[in-house]
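# A structural walkthrough
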Amino acid sequence: MKKHLIATTLLASLFTLASAEEIMVSAAASLTNAFTDIAKNYEKEHPEDKIMLNFAGSGALLQQMENGAPVDIFASADQVTMDKAIEKKLVKADTRKTFVQNTLVLIVSTDSKLDPKNLEDLTKTDVTKIALANPASVPVGRYTKSVLEAAKLWQTLEPKFIETESVRQSLAYVAQNETDTGFVYGTDAAILKKEVRVAFTVPTEQPITYPIALTTDSKKGSDRFYDYIFNADSQKILEDYGFTKPE
């Protein structure tokens, strides 16, 4: 009986090792805090798996995948980048799901004397530097450019832009007073409440929604973490960081 129990335990251990996975997740920079917390919870429940997190601007993540970077799950801050990932057959189209929504805001540092009320206020002479993520590769920059072009302010404000590689870099620039103001997501502003304040929320033509998908080369166990993003606890973490459910 004892030998049978030992054998059963050994087989169970071998099965766990065999099914263990190192799951690589590439996610938009604005998901850093939420996904870090979700990954910690997941690993407590699934100690056989290790979640490897890679955060950057969505366009940079797409380029990494194009260049052969090993990725199992891709979460973008916009639908356009996910469209490109599908076109390039980098992700499985049938696993694409929109899981959260965000807002675009203009921020200033908490000790700033500036108090812009609208986009027109950015044309004033006391605003000289505006942090803006690269519109060519970062969704928040693309959303911002679209809004400013619609308001016919893009060309006027362009000389003031200090281009950044991600929304988190824009956030840091404003927090450290390297720029007068900057465009970030509402969720990013919320994590540095002592350093920055929201001047106003910027309406966007299209909702800012985040899709997630398994990559075409994803490992067999990757769907475990993918599914975990949609459970109640994970959704609560995302909500606590200011994300909302997509409309």
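Computed from a prediction, not measured in an experiment: that's the story for all the values here.

Reading across from one edge, E7-E6-E8-E5-E9 is the order of the five strands in this open sheet, with mixed pairing throughout. Since the sheet does not close on itself, it has two edges, and those belong to strand E7 (161–164) and strand E9 (196–202), each with one partner. The sheet shows a mean angle of 35 degrees between the axes of neighbouring strands, direction not considered. With two bridges connecting them, strand E6 (residues 130–133) and strand E8 (residues 181–185) associate as parallel partners. Looking at the pairing, Ala131 lines up with Gly182 of E8. Seen against the sheet, helix H5 (residues 139–150) touches strand E5 (104–109), E6, E7, E8 and E9 and runs at an angle of roughly 115 degrees to E8. Sheet strands touched by helix H7 (residues 167–175): E5, E6, E7, E8 and E9. Its angle to E8, the strand with the most contacts, is close to 140 degrees.

Turning our attention to the UniProt feature "binding site: molybdate" (unreviewed entry) in the protein chain. Taken from the UniProt record, the annotation "binding site: molybdate" (unreviewed entry) applies to Ser30, Ser58, Val167 and Tyr185. Across 156 residues, the annotated set stays spatially compact, with a maximum C-alpha separation of 13.8 Å. In the annotated set above, the residues contributing to the lining of the largest cavity are Ser30, Ser58, Val167 and Tyr185. Looking at where Val167 falls in the secondary structure, it is placed in helix H7. With a relative accessible area of 3%, Val167 lands in the buried category. Those residues in contact with Val167 that lie beyond four places of it in its chain are Ala29, Ser30, Ala133, Val138, Val140, Val184, Tyr185 and Asp188. Structurally, Tyr185 is set in strand E8. Residue contacts for Tyr185: discarding those within four places in its chain leaves Ser30, Ala77, Asn102, Thr103, Val105, Pro139, Val140, Tyr143, Val167, Ile208 and Tyr210.

Partitioning the protein chain into structural domains gives domain 1 (22–101 + 208–241) and domain 2 (104–201). Centre-to-centre separation of domain 1 and domain 2, based on C-alpha positions: 26 Å. Across the boundary between the two partners, domain 1 contributes 16 residues, which contact 13 residues of domain 2. With both sides pooled, the region where domain 1 packs onto domain 2 buries about 1100 Å², and carbon together with sulfur makes up 57% of that total. If you sort the residues of domain 1 by the area they bury against domain 2, Ser30, Ile208 and Tyr241 come out on top, with a joint share of 40%. Where domain 1 meets domain 2, there are one salt bridge. We note a salt bridge from Arg142 to Asp78, for which the minimum N-O separation is 2.3 Å. At the boundary of domain 1 and domain 2, one finds five residue pairs in polar contact (both at pLDDT 80 or more). When its residues are assigned to classes, the side of domain 1 that touches domain 2 shows seven nonpolar, eight polar and one charged.

The rules we used
- Residues numbered from 1 in each chain as written.
- Predicted model: local features only at pLDDT ≥ 70, side-chain atom pairs only at ≥ 80, totals over all residues.
- Heavy atoms only, no water.
- Pairing = 2+ DSSP bridges.
- Helix = DSSP H or I, 4+ residues; strand = E, 2+ residues; numbered from the N terminus.
- Axes fitted to C-alpha atoms, helices over the stretch in contact; angles between N-to-C directions.
- Contact = heavy atoms within 4.5 Å.
- UniProt positions renumbered as here; feature names shortened; annotations may be inferred.
- 1 Å grid on protein atoms, 1.4 Å probe; cavity = no way out; pocket = protein on both sides within 12 Å on 5 of 7 lines; lining within 4 Å.
- Buried < 20%, exposed > 50% of the residue type's maximum accessible area, 1.4 Å probe, protein only.
- Domains from an automatic or database assignment.
- Buried area = accessible area lost by both parts, 1.4 Å probe.
- Salt bridge = Lys/Arg side-chain N within 4 Å of Asp/Glu carboxyl O.
- Polar contact = N/O pair within 3.5 Å; in protein donor to acceptor, adjacent residues only side chain to side chain.
- Nonpolar A, V, L, I, M, F, W, Y, C, P; charged D, E, K, R; others polar.

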